[in-house]
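Structural characterization, general
Okay, here's what each chain looks like letter by letter:
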Amino acid sequence: MLGTDFRTGSPVWIDLGTPDTDAAAAFYGAVFGWRLVSAGPDAGGYGFFQKDGRTVAALGPLTEEGARPAWTAYFRADDVEATAREVADGGGSVRVPPISVGEGRLAQFTDPQGARFAVLQSAMGLERASEDDTLVWVELHVPDPEAAIRFYQNLFGWRFEEMQAPGMTYRVLSIGEGDQQQGAFGGVAQLQGEQEEARWVPYFAVADADALAAAVRDNGGTVLMPAVDVPDVGRIAWLADPADAVFAVLKPDPRQG
C-alpha cells in the first residue's frame, strides 16, 4: 500500500479544489475527523487537512475557469519542467505550467484521455498514509487502460501487473524501483458506463466502510456505490461530497497488510 517514503512516481500529495472551502472543511471534518489548518494569509485560501496534527490532504478554492470540484493526485517528479515537456509530447496538456511553491516546484496536467493529475518536485509530502482516514490508494479510470499505462510509464517508469476482476482486467501500478509488490500504490480500470468520466479517484482507508458511507450521506454527500466486499482487497464504497467531488473509501482486507 501507499506510504510516505516517496520516490519517483510515488503519490506524494492530494488536494481538493472546491467552490466553498468552509463547507468542504466542515464536511470532511465530520466524516474523517480532519482539521483544516491555513497555509497562511498569502496562500489564497489554501490549507492543510490534518489528522492528529499530521497532514493527510489539502484544500483550496477552484482557480481555473470552468473547473469542477475534484480531488487531484500529485506524483513525485525529479524534474517538473522535463515532465511538462514529456506530457505535451505524449499527447497530454499542461493546465498549470511549472511554478514554484515554497522550496519546490509543481505543475498540473491533463492526460491524453482527459484525466487530471499533477506533479510535485519537493521534499514535502503527505505525513501519514495507509492508516485510517488517510490516503491508501489512487485509481485511474480511462477508456483505454493500456494506452494510459504507456503514457504514464514514459513519465514515471511505473510497472504494472494484470489481475482478473469480475467482468474486467485490473492493472495494479507500482513505482519503478524496489520490490514491485511493496511499491504498489494504485491501479487502472476501464471506464464503466457512458456517464463516467476519465479521472483519478483517491481511496481513503477507513475502519468501517459502511459507517463512513452513512456519515457521508448524513452530512449532505452522496453514496455513489454502497459498500461492497472485493475479494482479497477489502470493503469499498464510492462517494461524493456535497459539491460532487468523487472519492472512495476502503477497509483493507487484513490479510493484505
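Residues numbered from 1 in each chain as written. Predicted model: local features only at pLDDT ≥ 70, side-chain atom pairs only at ≥ 80, totals over all residues. Heavy atoms only, no water.

Description of helix 4 (residues 209-218)
- Within helix 4, the full set of buried residues consists of Ala209, Leu212, Ala213, Ala215 and Val216. One face of helix 4 carries all of its buried residues, which in axial projection span an arc of 160 degrees.
- Residues of helix 4 that are buried make contact with helix 1 (21-32), strand 14 (222-230), strand 15 (234-240) and strand 16 (246-252).
- Sitting at the head of helix 4, aspartate 208 places a side-chain oxygen 3.1 Å from the backbone nitrogen of aspartate 210.
- Residue glycine 220 follows helix 4 closely and has a positive phi angle near 95 degrees. (Buried < 20%, exposed > 50% of the residue type's maximum accessible area, 1.4 Å probe, protein only. Helix = DSSP H or I, 4+ residues; strand = E, 2+ residues; numbered from the N terminus. Arc of directions from axis to C-beta. Contact = heavy atoms within 4.5 Å. Polar contact = N/O pair within 3.5 Å; in protein donor to acceptor, adjacent residues only side chain to side chain.)

Comments concerning unusual backbone geometry
- A positive phi angle, close to 60 degrees, is found at serine 130, a residue other than glycine.
- Looking at where serine 130 falls in the secondary structure, it is placed in the loop between strand 8 (116-121) and strand 9 (135-142).
- With a phi close to 75 degrees, aspartate 244 is a non-glycine residue in the positive phi region.

Here's the deal with the packing of aromatic side chains
- What the rule picks out here adds up to 30 aromatic pairs.
- The structure contains a cluster of three or more aromatic residues connected by ring pairs, namely Phe75, Phe109, Phe117, Phe151, Tyr152, Phe156, Trp158, Phe185 and Trp200. (Phe/Tyr/Trp six-rings, centres within 6.5 Å; stacked < 30°, edge-to-face > 60°.)

Overview of the sheet that holds strand 7 (residues 104-110)
- Taken in spatial order, the 8 strands of this open sheet run 2-3-4-1-5-8-7-6, and their pairing is mixed. Each edge of the open sheet is held by one strand with a lone partner, namely strand 2 (35-38) and strand 6 (93-101). Taken over all neighbouring pairs, the strand axes of this sheet differ in orientation by 30 degrees on average, direction set aside.
- The pairing of strand 1 (residues 11-18) with strand 5 (residues 70-76) spans 6 bridges and is antiparallel. Paired with aspartate 15 across the strands is threonine 72, a residue of strand 5.
- Against the sheet, helix 1 contacts strand 1, strand 2, strand 3 (47-51), strand 4 (54-61) and strand 5, and its axis sits at roughly 150 degrees relative to strand 4.
- Sheet contacts for helix 3 (residues 145-156): strand 5 and strand 8; angle to strand 8, the most-contacted strand, approximately 10 degrees. (Pairing = 2+ DSSP bridges. Axes fitted to C-alpha atoms, helices over the stretch in contact; angles between N-to-C directions.)

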